[in-house]
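One letter stands for each residue in the lines below.
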Amino acid sequence: MVKTYFTGLCAPLARAHTQMYDGNQSKIKCCIASYKRRISLSLSLSLSLCVCVCVCVCVCVDANSGRIRAERTLGLRLPRCTSRPDRAWEEGGRYAAGAGRSRAAAPGCSSRGGGGGSGHCTGWTRRTARRPRLSSRPGPQPMAAWPPGGTWSTATCVKAPFLVDLKKPELKIPHTVNFYLRVEPGVMLGIWHTVPSCREEDAKGKDRCWYEAALRDGNPIVVYLHGSAQHRAASHRLKLVKVLSDGGFHVLSVDYRGFGDSMGKPTEEGLTTDAIRVYEWTKARSGITPVCLWGHSLGTGVATNAAKVLEEKGCPVDAIVLEAPFTNMWVASINYPLLKIYRNVPGFLRTFMDAMRKDKIVFPNDENVKFLSSPLLILHGEDDRTVPLEYGKKLYEIAHNAYRNKERVKMVIFPPGFQHNLLCKSPTLLITVRDFLSKQWS
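Residues numbered from 1 in each chain as written. Predicted model: local features only at pLDDT ≥ 70, side-chain atom pairs only at ≥ 80, totals over all residues. Heavy atoms only, no water.

Observations concerning the environment of Lys265
- Tracing the chain through its elements places Lys265 in the loop between β4 (250–254) and α8 (268–286).
- Under the relative-accessibility criterion, Lys265 is labelled exposed at 51%.
- In sequence terms Lys265 and Gly186 are 79 residues apart; their C-alpha atoms lie 9.8 Å from each other. (Helix = DSSP H or I, 4+ residues; strand = E, 2+ residues; numbered from the N terminus. Buried < 20%, exposed > 50% of the residue type's maximum accessible area, 1.4 Å probe, protein only.)

This is the structure:
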């Protein structure tokens, strides 16, 4: 059938070339074979394009359906679903809105149960010095303006994750629970809480109340702020969470607004507010257990923004880890590998910078570190091509010059082989982090 089809397409060409080449059969066969190859290639490309269009349509329909299901579950736009809100969200909303009393545990949970010191992993010394108390009334922050068609909406956000159910973290990583935190009206953050591996047996069959109480067990806590793509279930992030859990850390993996199944529109101010709320929520429930902000790539900008705001409030962060940091978003974006192709296009840089300026996207790590006093650990891979090592070195130099206590700033460079996302595979990562934090928290 295919042969007959090609013969029919090439018949007029065969007659024309018979007259052109005066019966030279070898030349005629070569020309016809060339036309067949061209037609075959055109048909293949057309078929591939049709398949891509169909896949995109299916993905968009699935994303829209998932979003509608999420809205119905959350009750943000359908009032009939809000008569019995989820207890975790209700608690988060009261906290973010500034309830009249400090809440050390979720409704119905005892602030002293479940997570007691019996599960404390050895090898950690806790700081006993008096800490500034966090306000129990953080108050909502206004959302920044979000112009349609901005750079965030076209490049960084995935509203509905595919092929993964973020409500069931146990399918991806053990001893983990999913919950949601309301940080502002209309903004819900999806969070995974992974307890240390040494508490795996204790965590079996437990609910969110137990996990929340476990934050007071003395094991250090990491609030993980991820990069600009995907969500909290990305494979390389799960690998890092497992490494930290095996090392005795609680890990709170946060999806900012607009990422994963979190609600809201992402802006720099909004992402910073998300990080601050999660940190304050964690500190209110951790007792004297230290809490560390860990940012990766884009998350380094979110971490330093949040740390600066908390420093200005008089509540400095217990520690900050910056993995693959940049100096500021403008410099990092201009030198991003995919954008280097267009740097010589007339007017591209001006248009791109105007878009970032309009959306108020800066993430000035190089300015933020000048105002910090928290212990700061910078981690960078030697072969990182997404955020080159020179940015990390420059940021370390700025921070080292700005800090009064030079021992509070450290940079560790990892050998080639881990690139941008895979420092978690380094056998020295956990030892490096543990040694630095133990020294700072002793």
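What follows continues from the structure just given.
Details of helix α7 (residues 235–246)
- Between its first and last C-alpha, α7 extends 17 Å over twelve residues, near the 16 Å set by a 1.5 Å rise per residue.
- Regarding α7, the residues found buried are His236, Arg237, Leu238, Leu240, Val241, Leu244 and Ser245.
- Against β2 (187–194), β3 (221–225), β4, β5 (291–296), β6 (319–323) and α14 (429–441) lie the buried residues of α7.
- With its phi angle positive at about 95°, Gly248 sits one or two positions after the end of α7. (Expected span 1.5 Å × (residues − 1). Contact = heavy atoms within 4.5 Å.)

Things to note about unusual backbone geometry
- Located in the positive-phi region is Ser297, a residue other than glycine, with phi close to 55°.
- In this fold, Ser297 is placed in the loop between β5 and α9 (298–312).

Some details on the confidence of the model for the protein
- Within the protein, residue pLDDT values average 77, and 63% of them lie at 70 or more.
- Segment residues 125–160 is flagged for pLDDT under 50; beyond a separation of four residues in sequence, or across chains, it makes 85 contacts in the model. (pLDDT = per-residue confidence, 0-100.)

Digging into the side chain of Ser333
- Looking at where Ser333 falls in the secondary structure, it is placed in helix α10 (residues 329–334).
- What makes Ser333 buried here is its relative accessible area of 11%.
- Not counting residues within four places of it along the chain, the set of residues in contact with Ser333 comprises Leu339, Phe352 and Met356.

Structural notes on the packing of aromatic side chains
- Here the structure, examined in full by the defined rule, presents four aromatic pairs.
- When the ring of Trp210 is compared with that of Tyr211, the centres are 5.2 Å apart and the planes differ by 85°; the resulting orientation is edge-to-face.
- Positioned above the aromatic ring of Trp210 is the side chain of Lys206, whose terminal nitrogen or guanidinium carbon lies 5.8 Å from the ring centre.
- Positioned over the ring face of Phe371 is Lys308, at 4.6 Å from the centre of the ring. (Phe/Tyr/Trp six-rings, centres within 6.5 Å; stacked < 30°, edge-to-face > 60°. Lys NZ or Arg CZ within 6 Å of the ring centre and 35° of its normal.)

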